[in-house]
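Secondary and tertiary structure notes
Each chain, letter by letter, is given below.
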Amino acid sequence: MQPKDLTPRDQRIDDALDTSGVRHRATFKQEWPLLLLLIFVWGALWQDFSIGNLLFGAILSIIIVNLFPLPPVVLPGRINLWYCLKLFIWFIGQVFAASVHVAWIAVVRGKKARSALIAVPLRTESDLIVMTVGHVLTLIPGSFVVDVDRSSSTLYLHYLDVNSDAEVEKARANIRDIERRLIMAIGSPDEYEAIKAEEGPDFSTRRPSK
Amino acid sequence: MDFFLEIVVAVLLVAGSLMSLIAGIGLITFPDLLSRMHAATKPQVLGFLLLFAGLAIHLRSWILVPVLVLAWGLQLLTAPVSAHMIGRAGYRTKHVAKETLHVDELKRVISTHSEATGNTGAVTRIEGTKADETENS
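All values reported here derive from a predicted model rather than from experimental measurement.

**Concerning the overall build of chain A**
Each helix and strand in chain A was counted, giving seven helices and three strands. Helices (α) and strands (β) of chain A occur, in sequence order from the N terminus, as α-α-α-α-β-α-β-β-α-α.

Right, dumping it as structure tokens:
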């Protein structure tokens, strides 16, 4: 049997890939968001955000993270809070639109609703971004993830209410627009530059073509 | 002011419940498993958000807000995963009504792979998919 090519695609992925059979442990640099989240959960459940309580939560989080280690998440090392905020506001709007869309199809179209299974190859190589794109597109109108091909960053989606090839292409463009927004918010510097080069100088103000 | 807030709470709670109702209607009227997953994931996430917002305003306590945010955040994280797992399992066990699909680009990939390895499970890593894809488009 041909041995699998496990040469890492780049350094960020090398951090998480298990190439030599040795399980990588997450370093503190990779794990601090998880620790913060666990401390937040502790404070929220006790409904008490005093210093002493949070400190005890921190001790518990460190014990839990060491008892039940997770594979390290590769952080992109770049975050743009302004694009994050824009993404979040856009996302909440899309969640509203999704419910209206599903309600419309459920009540009016009913059994006649046709759909499509489409493949969307993404530009990114980061697992984190592929995962986030999958989550976002599941919660916004029309689509959800049926399968993922990790080695080529391809998502296989079920797209609701598609009746022609033109609509399939439009659906693909929508997903790549989500990816563009996410890379602008949390993508690595390389991918951010690539997106900027692809979209031209006025990329941040450009509206997605509907 | 209190009266006004109570009206807001009432509107939010009714709208949130309405979203759950829509999810239920969708589950009945959609033609196949994959379409039904849309009804199961989307409206209830918004319904949850509206119910939580109504609850937070009604109880008028800031300390409750982190709990509600946490609950909604976990909902955002888990709803897509459950839809993905059910959809994926449903597709592989042939519970998908093929006649409702306009195109099926996953079928080719899975059949190519299962010919090569002789099984239909676990195709999360398929070599050469990208080449296939560019050929097609």
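**Considering helix H7 (residues 189-199) of chain A**
All names here are of chain A. For H7, the full list of buried residues reads Glu191, Tyr192, Ile195 and Glu199. Taken end-on, H7 shows its buried residues confined to a sector of 105 degrees, consistent with a single buried face. Along H7, the residues that are exposed and aim more than 90 degrees away from the buried face are Asp190 and Ala197. Along its buried surface, H7 packs onto helix H4 (81-109), helix H5 (127-139) and helix H6 (165-186).

**Section: the sheet that holds strand S1 (residues 115-121) of chain A**
Taken in spatial order, the four strands line up as S2(A)-S3(A)-S1(A)-S1(B) in an open sheet, and their pairing is mixed. Strands at the two margins of the open sheet, each flanked by one partner only, are strand S2 (143-149) of chain A together with strand S1 (101-104) of chain B. Sheet twist, expressed as the average angle between the axes of neighbouring strands with direction ignored, equals 25 degrees. Where S1(A) meets S1(B), two bridges bridge the pair, whose relative direction is parallel. Each bridged residue has a counterpart across the sheet, and for Ser115(A) the counterpart in S1(B) is Leu101(B). The sheet strands contacting H5(A) are S2 and strand S3 (154-160) of chain A, and the helix crosses S2(A) at an angle near 155 degrees. Together, S1, S2 and S3 of chain A form the strand contacts of helix H2 (residues 33-59) of chain B, whose direction differs from that of S2(A) by roughly 115 degrees.

**Overview of the interface of chain B and chain A**
For an interface, size is often stated in terms of accessible area lost upon the parts coming together. Each partner contributes residues to the interface: chain B has 51 residues there, and chain A has 55 residues. At the junction of chain B with chain A, the criterion picks out two salt bridges. When residues of the side of chain B that touches chain A are traced back to their parent elements, those giving at least two are helix H1 (2-29), H2, helix H3 (65-92), S1, helix H4 (105-117) and helix H5 (129-136) of chain B. Broken down by element, the side of chain B that touches chain A gets its largest block of residues, 14 residues, from H3(B). Along the lines of polarity and charge, the residues of the side of chain B that touches chain A split into 30 nonpolar, eleven polar and ten charged.

**So, the UniProt feature "transmembrane region" (unreviewed entry) in chain B**
Residue and element names in this part refer to chain B. Taking the UniProt record as the reference, the feature "transmembrane region" (unreviewed entry) is found at residues 6-33 and 69-87. The distance separating the terminal C-alpha atoms of residues 6-33 is 39 Å; by composition the span is 89% helix and 0% strand. Structurally, residues 69-87 comprises 100% helix and 0% strand, and the distance from its first C-alpha atom to its last is 27 Å.

**Considerations on the packing of aromatic side chains**
All names here are of chain A. Tallying each qualifying case throughout the model produces four aromatic pairs over all chains. Centre to centre, the rings of phenylalanine 40 and phenylalanine 49 are 6.2 Å apart; their planes meet at 35 degrees, and the pair counts as tilted. A network of ring pairs unites the aromatic residues Trp42, Trp46 and Phe56 as a single cluster. Note that arginine 181 overlies the ring of tryptophan 90, its terminal NZ or CZ placed 4.3 Å from the centroid.

**Points about the nonpolar core**
With 46 residues, the main nonpolar core has Val133(A), Ile175(A) and Ile178(A) as its most contacted residues. Ignoring anything within four residues of it in the chain, the contact list for Ile178(A) reads Trp90(A), Val133(A), Val136(A), Leu137(A) and Ile140(A). Judged by nonpolar contacts, the second largest core, of 14 residues, contains Leu117(A), Val146(A), Val109(B) and Ile110(B).

**A closer look at unusual backbone geometry**
Among all residues save glycine, negative phi is the norm, and among peptide bonds the norm is trans. All names here are of chain A. Even without being glycine, glutamine 47 reaches a positive phi, approximately 50 degrees. Here glutamine 47 is to be found in the loop between helix H2 (28-46) and helix H3 (51-67). You can call glutamine 47 partly exposed: its relative accessible area is 34%.

Scoring rules and cut-offs
Residues numbered from 1 in each chain as written. Chains lettered and ligands numbered in written order. Predicted model: local features only at pLDDT ≥ 70, side-chain atom pairs only at ≥ 80, totals over all residues. Heavy atoms only, no water. Helix = DSSP H or I, 4+ residues; strand = E, 2+ residues; numbered from the N terminus. Buried < 20%, exposed > 50% of the residue type's maximum accessible area, 1.4 Å probe, protein only. Arc of directions from axis to C-beta. Contact = heavy atoms within 4.5 Å. Pairing = 2+ DSSP bridges. Axes fitted to C-alpha atoms, helices over the stretch in contact; angles between N-to-C directions. Salt bridge = Lys/Arg side-chain N within 4 Å of Asp/Glu carboxyl O. Nonpolar A, V, L, I, M, F, W, Y, C, P; charged D, E, K, R; others polar. UniProt positions renumbered as here; feature names shortened; annotations may be inferred. Phe/Tyr/Trp six-rings, centres within 6.5 Å; stacked < 30°, edge-to-face > 60°. Lys NZ or Arg CZ within 6 Å of the ring centre and 35° of its normal. Core = buried A, V, L, I, M, F, W, Y, C linked by side-chain atoms within 4.5 Å.

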